[in-house]
Amino acid sequence: MNNIQSKYPCNVILAYININSLRYKFSALSDVLHNSLADILIVGETKLNDSFNQAHFETTGFRVFRKVGTGHGGGLMCFVNSHLPCRRRPDLESTLVESVVVEVTINNPFRPGFGCQSTLLRLVEDWRRALDNHEYVAVILMDLSKALTVFLITCWSGSWRPMA
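The residue count restarts for each chain, going from 1 along the sequence in the order it is written. For this predicted model, a pLDDT threshold of at least 70 governs which residues receive local features, and a threshold of 80 or more governs which side-chain atom pairs are given and counted, while totals over whole chains, interfaces and linings are taken from all residues. Each side-chain value is derived from all of the structure's non-hydrogen atoms; neither hydrogens nor water enter the calculation.

## Focus: the overall build of the protein chain
Argument step 1. Tallying secondary structure elements over the protein chain gives three helices and eight strands in all.
Argument step 2. Taken from the N to the C terminus, the helices and strands of the protein chain come in the order α-β-α-β-β-β-β-β-α-β-β.
Argument step 3. Only protein chains enter the calculation, and the probe is 1.4 Å; a residue is then buried if its accessible area is under 20% of its type maximum, exposed if over 50%, and partly exposed in between. Out of the 164 residues belonging to the protein chain, those deemed buried represent 43%.
Argument step 4. Sequence separation of 24 or more characterises 59% of the internal contacts of the protein chain that already satisfy a separation of 6 or more.
Argument step 5. Using the Shrake-Rupley algorithm and a 1.4 Å probe, accessible areas are obtained, with residue cover drawn only from the displayed protein chains. Of the roughly 9,900 Å² that the protein chain leaves accessible, carbon and sulfur atoms contribute 54%. Each helix is a run of H or I in the DSSP string that is no shorter than four residues. Each strand is a run of E no shorter than two, and both are numbered from the N terminus. It only takes one pair of heavy atoms within 4.5 Å for two residues to be counted as in contact.

## Details of helix α2 (residues 26–34)
One turn of the α-helix equals 3.6 residues, which is why residues spaced by three or four share an orientation.
Argument step 1. Along α2, the residues that are buried comprise F26, L29, S30 and L33. Seen from one end, α2 has its buried residues packed into an arc of 105°, which puts them on one side.
Argument step 2. Its buried side turned inward, α2 meets β1 (14–18), β2 (40–44), β3 (62–67) and β4 (76–81).
Argument step 3. Following α2 by one or two positions, S36 adopts a phi angle in the positive range, close to 55°. Our arc is simply the arc of the directions from the helix axis toward the C-beta atoms.

## A short note on unusual backbone geometry
Argument step 1. Even without being a glycine, S21 presents a positive backbone phi close to 95°.
Argument step 2. Positive phi outside glycine occurs at H134, with the angle close to 60°.
Argument step 3. For H134, the location among the structural elements is in the loop between α3 (117–132) and β7 (137–143).
Argument step 4. With a relative accessible area of 60%, H134 lands in the exposed category.

Structure below.
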C-alpha cells in the first residue's frame, strides 16, 4: 500500500479487513493506521460486545465509528483519518443487516472518463452476489452536485434481503 500512496498522494485510500476478533489485535491494527496505510479503514468481524468500551479503540489521528457485535460474531468498525470531515449517519443504517454509515466530505474526487450507468449496475449486481455469499460489502456513494463531495461509506454484513 505504500506504493499506492506514493504514486497517488492526493487520493483517499480506503481499505477493508476481516479481523476475525479485534480483542487481541488492536495494537497491530493501530500500527496500520499510524503508518499511513489507509485514510479510511473498515474492520469487519470485530466480535466485540458492549463490555468493550469504545474509548479503548480510539487512536490519535482517527475517528472511530462502531457497530457492536455479539461477542461471538459480527461487529463493525470504521476508522476515518481526522483530516477528513465526517459524521455518522444512523438514519441511513439498515435494520435488516449489520451496518455502519459514515458520511465523509473530501475535496475534488472527480476523475474524468470514469463513472457511468452500466458501471453502477455492475456494482449493484456484485454487491448482491457478495451479500448472498455472506460476504461484507463496503459502498461509497457520492453527491456530485456539491462543491465538496460527500461520500457515504456503508458497511453491510449479512444476506441481501429486499427492503419492504
